[in-house]
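# Commentary on secondary and tertiary structure
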Amino acid sequence: MTAFERMHELGHEEVVLFQDRASGLRAVAAVHDTTLGPAVGGTRMRLYPRFDDAVVDALRLSRAMTAKSALAEMPYGGGKAVIFGDPRRDKTEALLEAYARALDRMGGRFRTGADMGIDGRDVAFMARFSPHVSHTAETAAVDTADLAALGVAEAIRGTAEVLGLPLRGLRVAVQGLGNVGGRLARRLAAEGAALTVADVDAERAARAGRELGARVVEPALVYDAEADVFSPNAGTGILDDDTVARLRCRAVVGGANEQLAEPRHGDALFARGILYAPDYVANAGGLLSLLFETGQTDEAGVTEAVRRIGPRVRGLLERARGEGLAPHRLADRLVEERLDAARASRRGA
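The structure contained in this document is the topic of the report that follows. (Residues numbered from 1 in each chain as written. Predicted model: local features only at pLDDT ≥ 70, side-chain atom pairs only at ≥ 80, totals over all residues. Heavy atoms only, no water.)

### Section: the nonpolar core
One finds M74, I156, V172, L188 and L195 to be the most contacted residues of the largest nonpolar core, which totals 62 residues. The biggest single contributor to this core is helix α5 (residues 144-163), with ten residues. Leaving out residues up to four positions away in the same chain, I156 has contacts with L167, L170, V172, L184, L188, V229, S231 and V253. Ranked by size, the runner-up nonpolar core spans 25 residues in total, among them A39, Y99, A100 and V133. (Core = buried A, V, L, I, M, F, W, Y, C linked by side-chain atoms within 4.5 Å. Buried < 20%, exposed > 50% of the residue type's maximum accessible area, 1.4 Å probe, protein only. Helix = DSSP H or I, 4+ residues; strand = E, 2+ residues; numbered from the N terminus. Contact = heavy atoms within 4.5 Å.)

### Some details on the sheet that holds strand β7 (residues 171-175)
In spatial order, the strands read β9-β8-β7-β10-β11-β12; together these six strands make up an open sheet with parallel pairing. Looking along the sheet, the strands with just one partner apiece sit at the ends: β9 (215-216) and β12 (275-276). Note: strand β11 (residues 251-252) against β12, two bridges, orientation parallel. Bridging from a neighbouring strand, A251 pairs with L275 of β12. (Pairing = 2+ DSSP bridges.)

### So, the packing of helix α14 (residues 309-323) against helix α15 (residues 327-348)
In a pair of packed helices, the angle between the axes and the distance between the axes together describe the arrangement. At a minimum axis distance of 9 Å, the contact between α14 and α15 shows a crossing angle of 105°. Between α14 and α15, the interaxial angle falls into the category roughly perpendicular. In contact with L316, L317, R319, A320 and E323 of α14, α15 contributes P327, L330, A331, R333 and L334. Looking at the contact of α14 with α15 residue by residue, the classes come out as seven nonpolar, no polar and three charged. (Axes fitted to C-alpha atoms, helices over the stretch in contact; angles between N-to-C directions. Parallel < 35°, antiparallel > 145°, perpendicular 65-115°, else oblique. Nonpolar A, V, L, I, M, F, W, Y, C, P; charged D, E, K, R; others polar.)

Dropping the structure here:
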(Lines give C-alpha, C1' and ligand atoms only; values in the text may rest on other atoms or scores of the structure.)
Protein backbone atom coordinates (compact mmCIF):
# COMPACT_ATOMS: atom_id res chain seq x y z
CA MET A 1 0.00 0.00 0.00
CA THR A 2 1.41 3.40 -0.97
CA ALA A 3 1.58 6.30 1.46
CA PHE A 4 -1.21 8.07 -0.44
CA GLU A 5 -3.40 4.97 -0.28
CA ARG A 6 -2.75 4.78 3.48
CA MET A 7 -3.66 8.46 3.82
CA HIS A 8 -6.96 7.79 2.05
CA GLU A 9 -7.65 4.69 4.13
CA LEU A 10 -7.06 6.47 7.45
CA GLY A 11 -9.09 9.54 6.47
CA HIS A 12 -6.47 12.29 6.72
CA GLU A 13 -7.35 15.87 5.94
CA GLU A 14 -3.89 17.06 4.96
CA VAL A 15 -0.34 15.79 4.58
CA VAL A 16 2.47 18.30 3.93
CA LEU A 17 6.00 17.46 2.80
CA PHE A 18 8.86 19.81 3.66
CA GLN A 19 12.26 20.08 2.00
CA ASP A 20 15.16 22.48 2.45
CA ARG A 21 18.23 21.56 0.45
CA ALA A 22 20.58 23.94 2.24
CA SER A 23 20.01 22.36 5.65
CA GLY A 24 19.20 18.84 4.44
CA LEU A 25 15.67 18.99 5.85
CA ARG A 26 13.21 16.35 4.70
CA ALA A 27 10.06 16.13 6.79
CA VAL A 28 6.36 15.36 6.76
CA ALA A 29 3.49 16.78 8.81
CA ALA A 30 0.22 14.84 8.88
CA VAL A 31 -3.10 16.36 9.97
CA HIS A 32 -5.62 13.60 10.58
CA ASP A 33 -8.90 15.04 11.88
CA THR A 34 -9.73 18.52 13.20
CA THR A 35 -13.35 17.86 14.16
CA LEU A 36 -12.60 18.58 17.82
CA GLY A 37 -10.10 21.39 17.23
CA PRO A 38 -6.73 22.26 15.67
CA ALA A 39 -4.30 19.41 15.16
CA VAL A 40 -1.64 18.80 17.82
CA GLY A 41 1.09 16.21 18.11
CA GLY A 42 4.82 15.86 18.61
CA THR A 43 7.60 16.02 16.06
CA ARG A 44 9.99 13.08 16.03
CA MET A 45 13.32 12.78 14.27
CA ARG A 46 14.29 9.32 13.17
CA LEU A 47 16.12 7.59 10.35
CA TYR A 48 13.84 5.15 8.52
CA PRO A 49 14.76 2.72 5.73
CA ARG A 50 12.86 4.95 3.28
CA PHE A 51 11.19 8.36 3.42
CA ASP A 52 7.88 6.67 2.61
CA ASP A 53 8.22 4.78 5.90
CA ALA A 54 8.47 8.12 7.72
CA VAL A 55 5.29 9.28 5.99
CA VAL A 56 3.41 6.13 6.99
CA ASP A 57 4.58 6.55 10.60
CA ALA A 58 3.32 10.14 10.64
CA LEU A 59 -0.02 8.96 9.24
CA ARG A 60 -0.48 6.25 11.86
CA LEU A 61 0.67 8.43 14.75
CA SER A 62 -1.51 11.39 13.78
CA ARG A 63 -4.59 9.17 13.73
CA ALA A 64 -3.65 7.98 17.23
CA MET A 65 -3.46 11.62 18.34
CA THR A 66 -7.04 12.16 17.18
CA ALA A 67 -8.12 9.22 19.33
CA LYS A 68 -6.00 10.41 22.25
CA SER A 69 -7.62 13.85 22.20
CA ALA A 70 -11.10 12.41 21.90
CA LEU A 71 -10.84 10.08 24.89
CA ALA A 72 -8.97 12.65 27.00
CA GLU A 73 -11.82 15.07 26.21
CA MET A 74 -9.38 17.66 24.85
CA PRO A 75 -10.45 20.29 22.26
CA TYR A 76 -7.84 19.25 19.71
CA GLY A 77 -7.46 17.14 16.62
CA GLY A 78 -4.72 14.73 15.67
CA GLY A 79 -1.43 15.60 14.02
CA LYS A 80 2.12 14.31 13.89
CA ALA A 81 5.35 15.25 12.17
CA VAL A 82 8.50 13.33 11.34
CA ILE A 83 11.88 14.76 10.39
CA PHE A 84 13.75 12.17 8.33
CA GLY A 85 17.28 11.72 9.67
CA ASP A 86 19.53 10.51 12.45
CA PRO A 87 19.21 12.99 15.34
CA ARG A 88 22.72 12.16 16.56
CA ARG A 89 24.26 12.98 13.19
CA ASP A 90 21.89 15.14 11.15
CA LYS A 91 20.27 17.46 13.70
CA THR A 92 21.61 21.01 13.31
CA GLU A 93 20.33 24.46 14.18
CA ALA A 94 19.96 25.18 10.46
CA LEU A 95 17.77 22.11 9.99
CA LEU A 96 15.62 22.89 13.03
CA GLU A 97 15.19 26.50 11.91
CA ALA A 98 14.18 25.39 8.41
CA TYR A 99 11.66 22.96 9.87
CA ALA A 100 10.16 25.56 12.22
CA ARG A 101 9.81 28.10 9.40
CA ALA A 102 8.17 25.49 7.17
CA LEU A 103 5.80 24.55 9.98
CA ASP A 104 4.95 28.22 10.47
CA ARG A 105 3.77 28.43 6.87
CA MET A 106 0.98 26.02 7.82
CA GLY A 107 -0.54 28.95 9.70
CA GLY A 108 -1.38 27.19 12.94
CA ARG A 109 -3.24 24.23 11.43
CA PHE A 110 -0.75 22.03 13.29
CA ARG A 111 0.84 22.69 16.68
CA THR A 112 3.78 20.56 17.79
CA GLY A 113 6.31 19.81 20.51
CA ALA A 114 8.92 17.25 21.51
CA ASP A 115 8.95 13.56 20.63
CA MET A 116 11.50 10.84 19.93
CA GLY A 117 14.76 12.47 18.81
CA ILE A 118 13.51 16.01 19.54
CA ASP A 119 13.89 17.31 23.11
CA GLY A 120 12.90 20.42 25.06
CA ARG A 121 16.04 22.31 24.04
CA ASP A 122 15.26 21.71 20.36
CA VAL A 123 11.70 22.90 20.85
CA ALA A 124 12.84 26.03 22.71
CA PHE A 125 15.14 26.84 19.78
CA MET A 126 12.42 26.23 17.16
CA ALA A 127 9.95 28.38 19.09
CA ARG A 128 12.10 31.39 18.10
CA PHE A 129 10.87 30.89 14.53
CA SER A 130 7.27 29.75 15.01
CA PRO A 131 4.65 30.28 17.72
CA HIS A 132 3.20 26.88 16.83
CA VAL A 133 5.97 25.00 18.65
CA SER A 134 5.76 24.68 22.43
CA HIS A 135 7.10 22.82 25.43
CA THR A 136 6.91 23.20 29.19
CA ALA A 137 9.27 25.89 30.46
CA GLU A 138 12.68 24.79 31.78
CA THR A 139 11.86 26.40 35.14
CA ALA A 140 8.65 24.37 35.58
CA ALA A 141 8.49 21.58 38.14
CA VAL A 142 7.07 19.22 35.47
CA ASP A 143 7.69 18.79 31.77
CA THR A 144 6.01 16.90 28.95
CA ALA A 145 8.02 13.72 29.48
CA ASP A 146 7.37 13.80 33.26
CA LEU A 147 3.64 14.05 32.65
CA ALA A 148 3.69 11.31 30.01
CA ALA A 149 5.52 8.99 32.45
CA LEU A 150 3.13 9.88 35.27
CA GLY A 151 0.17 9.05 33.04
CA VAL A 152 1.57 5.64 32.12
CA ALA A 153 2.36 4.92 35.78
CA GLU A 154 -1.23 5.75 36.70
CA ALA A 155 -2.48 3.60 33.81
CA ILE A 156 -0.43 0.70 35.18
CA ARG A 157 -1.91 1.35 38.63
CA GLY A 158 -5.45 1.27 37.19
CA THR A 159 -4.71 -1.92 35.28
CA ALA A 160 -3.22 -3.54 38.38
CA GLU A 161 -6.43 -2.75 40.24
CA VAL A 162 -8.40 -4.60 37.56
CA LEU A 163 -6.02 -7.53 38.01
CA GLY A 164 -6.51 -7.35 41.78
CA LEU A 165 -2.83 -6.56 42.40
CA PRO A 166 -1.10 -3.77 44.35
CA LEU A 167 1.58 -1.63 42.70
CA ARG A 168 4.08 -2.63 45.39
CA GLY A 169 5.61 -5.89 44.28
CA LEU A 170 4.01 -5.68 40.82
CA ARG A 171 6.35 -7.24 38.24
CA VAL A 172 6.78 -4.83 35.34
CA ALA A 173 8.94 -5.38 32.26
CA VAL A 174 9.87 -1.94 30.90
CA GLN A 175 10.95 -1.83 27.26
CA GLY A 176 12.78 1.42 26.46
CA LEU A 177 14.39 3.74 29.00
CA GLY A 178 14.36 7.02 27.09
CA ASN A 179 12.68 10.28 28.11
CA VAL A 180 9.42 8.59 29.11
CA GLY A 181 10.47 5.01 29.85
CA GLY A 182 13.32 6.05 32.12
CA ARG A 183 11.09 8.34 34.16
CA LEU A 184 8.42 5.65 34.30
CA ALA A 185 10.90 3.08 35.60
CA ARG A 186 12.01 5.45 38.37
CA ARG A 187 8.42 6.13 39.38
CA LEU A 188 7.55 2.45 39.50
CA ALA A 189 10.70 1.58 41.47
CA ALA A 190 9.88 4.31 43.99
CA GLU A 191 6.50 2.64 44.58
CA GLY A 192 8.05 -0.77 45.13
CA ALA A 193 7.45 -2.43 41.76
CA ALA A 194 9.83 -5.23 40.75
CA LEU A 195 11.37 -4.22 37.43
CA THR A 196 12.85 -5.96 34.44
CA VAL A 197 14.32 -3.44 32.00
CA ALA A 198 15.67 -3.43 28.46
CA ASP A 199 17.05 -0.76 26.16
CA VAL A 200 19.03 -0.68 22.93
CA ASP A 201 21.55 1.50 24.80
CA ALA A 202 23.30 -1.13 26.93
CA GLU A 203 24.88 1.41 29.27
CA ARG A 204 21.54 3.10 29.92
CA ALA A 205 20.01 -0.27 30.77
CA ALA A 206 22.93 -1.18 33.03
CA ARG A 207 22.64 2.15 34.84
CA ALA A 208 18.92 1.57 35.44
CA GLY A 209 19.75 -1.88 36.76
CA ARG A 210 22.22 -0.46 39.27
CA GLU A 211 20.15 2.53 40.36
CA LEU A 212 16.73 0.87 40.50
CA GLY A 213 17.65 -2.65 41.48
CA ALA A 214 16.16 -3.86 38.21
CA ARG A 215 16.88 -7.04 36.32
CA VAL A 216 18.42 -6.22 32.94
CA VAL A 217 17.71 -8.30 29.84
CA GLU A 218 18.73 -8.00 26.19
CA PRO A 219 16.27 -5.95 24.09
CA ALA A 220 15.32 -8.96 21.97
CA LEU A 221 14.46 -11.00 25.08
CA VAL A 222 12.22 -8.54 26.94
CA TYR A 223 9.09 -10.06 25.37
CA ASP A 224 9.91 -13.35 27.06
CA ALA A 225 10.29 -11.87 30.55
CA GLU A 226 7.84 -13.17 33.14
CA ALA A 227 5.87 -10.16 34.40
CA ASP A 228 2.48 -9.00 35.51
CA VAL A 229 2.69 -6.03 33.12
CA PHE A 230 4.71 -5.57 29.95
CA SER A 231 5.29 -1.85 29.34
CA PRO A 232 6.47 -0.88 25.83
CA ASN A 233 8.00 2.61 25.75
CA ALA A 234 10.06 2.62 22.57
CA GLY A 235 9.16 2.15 18.89
CA THR A 236 5.87 1.67 17.09
CA GLY A 237 4.29 -1.56 15.86
CA ILE A 238 6.14 -3.81 18.31
CA LEU A 239 3.15 -6.08 19.05
CA ASP A 240 2.99 -8.45 16.10
CA ASP A 241 2.46 -12.15 15.39
CA ASP A 242 5.81 -13.11 16.90
CA THR A 243 5.90 -10.90 19.98
CA VAL A 244 2.27 -11.37 21.05
CA ALA A 245 2.82 -15.13 21.06
CA ARG A 246 5.94 -14.76 23.21
CA LEU A 247 4.52 -12.50 25.92
CA ARG A 248 4.45 -13.95 29.44
CA CYS A 249 2.41 -11.27 31.17
CA ARG A 250 -1.13 -10.52 32.24
CA ALA A 251 -1.38 -7.01 30.80
CA VAL A 252 0.27 -4.59 28.36
CA VAL A 253 0.42 -0.93 29.37
CA GLY A 254 3.01 1.44 27.92
CA GLY A 255 3.94 4.87 26.67
CA ALA A 256 4.89 3.95 23.10
CA ASN A 257 2.54 5.11 20.35
CA GLU A 258 0.85 2.71 17.93
CA GLN A 259 2.01 -0.41 19.76
CA LEU A 260 -0.15 -2.76 17.70
CA ALA A 261 1.35 -3.64 14.32
CA GLU A 262 -2.25 -4.17 13.19
CA PRO A 263 -5.59 -4.02 15.05
CA ARG A 264 -5.83 -7.82 14.86
CA HIS A 265 -2.89 -8.04 17.25
CA GLY A 266 -5.08 -6.43 19.89
CA ASP A 267 -7.57 -9.19 19.19
CA ALA A 268 -4.75 -11.72 19.61
CA LEU A 269 -3.93 -10.28 23.04
CA PHE A 270 -7.60 -10.53 23.98
CA ALA A 271 -7.74 -14.14 22.82
CA ARG A 272 -4.76 -14.92 25.06
CA GLY A 273 -6.46 -13.29 28.06
CA ILE A 274 -3.91 -10.45 28.20
CA LEU A 275 -5.39 -7.08 29.14
CA TYR A 276 -4.37 -4.31 26.75
CA ALA A 277 -4.64 -0.66 27.79
CA PRO A 278 -4.86 1.13 24.42
CA ASP A 279 -1.77 3.28 24.05
CA TYR A 280 -3.69 6.42 23.17
CA VAL A 281 -5.50 6.20 26.50
CA ALA A 282 -2.53 5.24 28.67
CA ASN A 283 -0.02 7.71 27.24
CA ALA A 284 -2.19 10.83 27.09
CA GLY A 285 -0.12 12.65 29.73
CA GLY A 286 2.04 14.35 27.12
CA LEU A 287 -1.05 15.69 25.36
CA LEU A 288 -2.56 16.88 28.64
CA SER A 289 0.63 18.92 29.24
CA LEU A 290 -0.83 21.36 26.70
CA LEU A 291 -3.23 22.49 29.42
CA PHE A 292 -0.18 23.76 31.32
CA GLU A 293 1.84 24.97 28.31
CA THR A 294 -1.04 27.15 27.11
CA GLY A 295 -1.85 28.56 30.56
CA GLN A 296 -5.19 26.79 31.00
CA THR A 297 -4.10 25.36 34.36
CA ASP A 298 -1.16 25.35 36.76
CA GLU A 299 1.27 22.55 37.66
CA ALA A 300 -1.05 21.12 40.30
CA GLY A 301 -4.00 21.21 37.92
CA VAL A 302 -2.24 19.45 35.05
CA THR A 303 -0.82 16.84 37.43
CA GLU A 304 -4.30 16.07 38.71
CA ALA A 305 -5.62 15.84 35.15
CA VAL A 306 -2.90 13.33 34.27
CA ARG A 307 -3.56 11.25 37.39
CA ARG A 308 -7.12 10.75 36.15
CA ILE A 309 -5.71 8.55 33.38
CA GLY A 310 -5.58 5.70 35.90
CA PRO A 311 -9.31 5.65 36.66
CA ARG A 312 -10.03 6.17 32.95
CA VAL A 313 -8.01 3.10 32.01
CA ARG A 314 -9.55 1.05 34.81
CA GLY A 315 -13.05 2.05 33.71
CA LEU A 316 -12.32 1.19 30.08
CA LEU A 317 -10.91 -2.23 30.95
CA GLU A 318 -13.81 -3.05 33.27
CA ARG A 319 -16.39 -1.96 30.69
CA ALA A 320 -14.65 -3.97 27.96
CA ARG A 321 -14.64 -7.01 30.21
CA GLY A 322 -18.33 -6.53 30.96
CA GLU A 323 -19.18 -6.25 27.26
CA GLY A 324 -16.90 -9.12 26.26
CA LEU A 325 -14.90 -6.86 23.95
CA ALA A 326 -11.21 -6.38 23.33
CA PRO A 327 -10.37 -3.04 25.00
CA HIS A 328 -8.94 -1.47 21.85
CA ARG A 329 -12.16 -2.23 19.97
CA LEU A 330 -14.23 -0.54 22.67
CA ALA A 331 -11.86 2.45 22.75
CA ASP A 332 -12.03 2.84 18.97
CA ARG A 333 -15.83 2.78 19.16
CA LEU A 334 -15.88 5.46 21.86
CA VAL A 335 -13.61 7.67 19.75
CA GLU A 336 -15.93 7.42 16.76
CA GLU A 337 -18.95 8.14 18.94
CA ARG A 338 -17.37 11.37 20.21
CA LEU A 339 -16.31 12.46 16.74
CA ASP A 340 -19.78 11.68 15.33
CA ALA A 341 -21.40 13.69 18.12
CA ALA A 342 -19.12 16.65 17.42
CA ARG A 343 -19.85 16.49 13.69
CA ALA A 344 -23.60 16.33 14.37
CA SER A 345 -23.32 19.34 16.68
CA ARG A 346 -21.51 21.29 13.98
CA ARG A 347 -24.19 20.48 11.41
CA GLY A 348 -26.90 21.58 13.83
CA ALA A 349 -25.16 24.84 14.75
